[in-house]
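Working through the structure, step by step
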Amino acid sequence: MVCHSCDRNKAEDIISSAEAVVSENPDSALLILQKIKSPENLPDSTHAHYWIVYGQADYNASRSMADDSMLLFSMKYYTDTKNVKKQIQSYRLAAQYKWWKRHKEDAYDLLETGLRVAESVKDTDAMVNLYQSLSNLSEKDYDIERSLIYTKKLIELDSLSSKYAEYYSDLGDIYFYRNQKDSSLAAFEKGLHIAEERKTTATHSYYNMLRDYADALNEFGESQKAIKYQKNALNFYIKNKYDEESLSYFSLSIYYLNIHQIDSADYYMNLAERSRPEYFKDDLALGNYYIVQRILLDYATKGRYGIRNIALFSNYFFADYMDKEKSIIEKSKTKLYLEQRNLNLKIEKQKTGIILLIISITLILTIGISFYSYRKKERKIIQKEEELETINRLLSTATNNNDKDNRFFKRILLQQLGIIRLAATSSTAQNQDFLQQMTRITNKDVPIDTLLVWDDLYQVIDSIYDSFYSKLIAKLR
């Protein structure tokens, strides 16, 4: 019991260490959790805590959570134990697992259930986290109507947040996709105004909002105004060497193309392609934007339409897709092999443990039987030694009494012989009668029982048979 308690405390310490860094360094948190080799053997409370931290690390690191099925165990455990804080967190993470498993409506239902729990205890922070999760999922699902509801809720609940201005920017994007010009531009302007009031205009997020606002202005036909704001954002990106520099060039190319300034559009497109970071090539959406803009400019400047760029782009992504699929398959095979190997090792370990247990039990039984036999033999030896000692003592006693007994038996014998001899040498009538009676005894004509001296006979029996007669009489009494 003490060892189990120690293991549990050690595991809790490891999990708490991972939890302390999971927000800022989720990958480090996962490495820390790997110190626990068999989390399935932990007590339920520790096991549930382990998977909550593990799931949170996967979520914060933007990893797939399709394999985090044990989050459902954590959710049930914390629901049963009424740990509201962990319960709400488990709903949020279990919803992510469901979403990755493509059970999307289940994901929304779990988050809505978590919201009801948070509302019942008036936990505003938890409600904000849940609405953020709902907003993120609806954005990934391109569910504009849901996104609108959740973003408005965030604006209502989280007015003091550092993200408050960004909520309005998100709202501007939503109205943009709904083609609601006035609402979209008003939301962007509100967000920028809040950022200026809160003196966050020198931040990266502020200029990202400004760039999105410029894109919306261009889309709604206000390209000149869009150029002004986009160049403002571009200067910030160039000064701080941010990768969004390429995106600003790309947007400016579109704006100038819309106002039919082809040379300026081509100029900024060339800058966009030259400054484009390598990792942008792996973004299919950005790749599409760049290739379409280049094709349009080639047609505008050269008067002809070609598919060479589209072919190169398509072939690149198809080959990249196939390579990734092969990598995924190989990773799956490797993972399956490692899991099978671990399972085999566990089975072998269990077999070895069982064999050792059987050997131990057999050894213990053998030792026990041997010890019992030894003790039994030892008792027999002691018993025989006691018997031998008794025999020796009796022998010694018999030896010491031998002369006395000899005299006793001789005396009896001489008495009988002397009487016979006297009778034979004396011819009296009585002696002759005695001799005749002796003859009749020999011939069994006279009963011999009447002739015995029983007291003498009993003494003889006692001497010969270890006081048999005396012991018998004592028992009968």
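See above for the structure.
Residues numbered from 1 in each chain as written. Predicted model: local features only at pLDDT ≥ 70, side-chain atom pairs only at ≥ 80, totals over all residues. Heavy atoms only, no water.

For the protein chain, the count of helices and strands is 20 helices and 0 strands. Put simply, the protein chain has 477 residues, and 31% of those count as buried. Accessible surface, the protein chain as shown: approximately 31,500 Å² in total, 55% of it carbon and sulfur. (Helix = DSSP H or I, 4+ residues; strand = E, 2+ residues; numbered from the N terminus. Buried < 20%, exposed > 50% of the residue type's maximum accessible area, 1.4 Å probe, protein only. Areas by Shrake-Rupley, 256 points an atom, 1.4 Å probe, with all protein chains shown as cover.)

What follows is about the environment of H47. Locating H47 in the fold gives a position in helix α3 (residues 44-60). The class of H47 is buried, set by a relative accessible area of 8%. Considering only alpha carbons, one finds H47 and I15, 32 residues apart in sequence, at a separation of 9.8 Å. Residue contacts for H47: discarding those within four places in its chain leaves P39, E40, L42, M70, F73 and S74. (Contact = heavy atoms within 4.5 Å.)

So, about the environment of T151. Locating T151 in the fold gives a position in helix α8 (residues 144-157). Given the relative accessible area of 2%, T151 is considered buried. Considering only alpha carbons, one finds T151 and S135, 16 residues apart in sequence, at a separation of 6.5 Å. Non-local contacts of T151, meaning those with residues more than four positions away in its chain, are made with S135, Y167, D170, L171 and I174. A distance of 2.7 Å separates a polar side-chain atom of T151 from the backbone oxygen of S147. (Polar contact = N/O pair within 3.5 Å; in protein donor to acceptor, adjacent residues only side chain to side chain.)

Here we take up the nonpolar core. Counting residues in each nonpolar core, the largest one holds 68 residues, and the members touching the most others are L134, L171, Y207, Y213, L252 and Y290. The biggest single contributor to this core is helix α11 (residues 204-219), with 8 residues. Setting aside chain neighbours within four positions, we find L134 in contact with Y108, L111, E112, L115 and Y150. Core analysis: the next-biggest nonpolar cluster, separate from the first, contains 15 residues, I15, A29, L30 and Y50 among them. (Core = buried A, V, L, I, M, F, W, Y, C linked by side-chain atoms within 4.5 Å.)

Turning our attention to the packing of aromatic side chains. Aromatic ring pairs: the centre-centre distance and the angle between the two ring planes describe each pair. Evaluation of the coordinates by the stated rule reveals 21 aromatic pairs. Centroid distance Y237 to Y242: 6.5 Å. Interplanar angle 90°. Geometry classified as edge-to-face. A relative accessible area of 0% places Y237 in the buried class. Taken together, the ring pairs connect Y206, Y207, F236, Y237 and Y242 into an aromatic cluster. The positively charged end of R102 is found above the aromatic ring belonging to W99, 5.3 Å away from the centroid. The cationic tip of K228 hangs over the ring face of Y229; the distance from NZ or CZ to the ring centre is 5.5 Å. (Phe/Tyr/Trp six-rings, centres within 6.5 Å; stacked < 30°, edge-to-face > 60°. Lys NZ or Arg CZ within 6 Å of the ring centre and 35° of its normal.)

Turning next to a nonpolar patch on the surface. On the surface, a cluster of nonpolar side chains totalling about 400 Å² of accessible area is made up of L357, I361, L365 and I369. Here I361 lies in helix α16 (residues 308-400). For I361, a relative accessible area of 43% puts it in the partly exposed group. (Patch = residues over 30% accessible without salt bridge, like charges linked within 9 Å, V, L, I, M, F, W, Y side chains within 5 Å. Salt bridge = Lys/Arg side-chain N within 4 Å of Asp/Glu carboxyl O.)

With that settled, the discussion passes to the packing of α11 against helix α12 (residues 223-240). Orientation of α11 relative to α12, taken along the N-to-C sense of each, is 155°, at an axis distance of 8 Å. It follows from the interaxial angle that α11 and α12 lie roughly antiparallel. Every pair of crossing elements has a handedness; the one defined by α11 and α12 is left-handed. Along the contact surface, α11 presents H204, Y207, N208, L210, R211, Y213, A214, D215, L217 and N218, while α12 presents S223, K225, A226, Y229, Q230, N232, A233, F236 and Y237. Residues belonging to the contact of α11 with α12 are distributed by class as follows: 10 nonpolar, 6 polar and 3 charged. (Axes fitted to C-alpha atoms, helices over the stretch in contact; angles between N-to-C directions. Parallel < 35°, antiparallel > 145°, perpendicular 65-115°, else oblique. Left-handed = near helix turned anticlockwise from the far one by under 90°. Nonpolar A, V, L, I, M, F, W, Y, C, P; charged D, E, K, R; others polar.)

Bringing unusual backbone geometry into the picture now. The backbone of S62 sits at a positive phi, close to 55°, despite the residue not being glycine. Relative to the assigned elements, S62 resides in the loop between α3 and α4 (71-81).

Looking now at helix α5 (residues 84-100). Between the first and last C-alpha of α5 there are 25 Å, a value that for 17 residues agrees with the 24 Å anticipated at 1.5 Å per step. Counting buried residues along α5, 14 of its 17 residues qualify, which places the element largely inside the surrounding structure. Among the residues trailing α5, R102 stands out with phi positive, at a value near 70°. (Expected span 1.5 Å × (residues − 1).)

Position of S133 among the secondary structure elements: in helix α7 (residues 124-140). With residues up to four places along the chain from it excluded, the contact list for S133 reads Y59, R92, Q96 and L111.

A word on the pattern of salt bridges. Applying the stated criterion to the full structure yields 13 salt bridges. With a shortest N-O distance of 3.4 Å, K181 and E222 are connected by a salt bridge. Of the two residues, K181 is situated in helix α10 (residues 181-197) and E222 in the loop between α11 and α12; the sequence distance between them amounts to 41 residues. According to the relative accessible area criterion, E222 is partly exposed, its value standing at 26%. Taking the shortest distance from any N to any O, the salt bridge between R375 and E378 comes out at 2.9 Å. One end of the pair, R375, and the other, E378, are both in helix α16, 3 residues apart, so they sit about a helical turn from each other. Residue R375 is classed as partly exposed on the basis of its relative accessible area of 36%. Sharing partners across several salt bridges, the network here consists of D266, E273, R294 and D298.

Spacing of three or four residues puts side chains on the same side of an α-helix, whose turn is 3.6 residues. Here α4 has its buried residues at L71, S74, M75 and Y78. One side of α4 carries all its buried residues, which in axial view fall inside an arc of 100°. Those residues of α4 that are buried lie in contact with α3, α5 and α6 (104-120). K82, located one to two residues past α4, shows a positive phi value of around 60°. (Arc of directions from axis to C-beta.)

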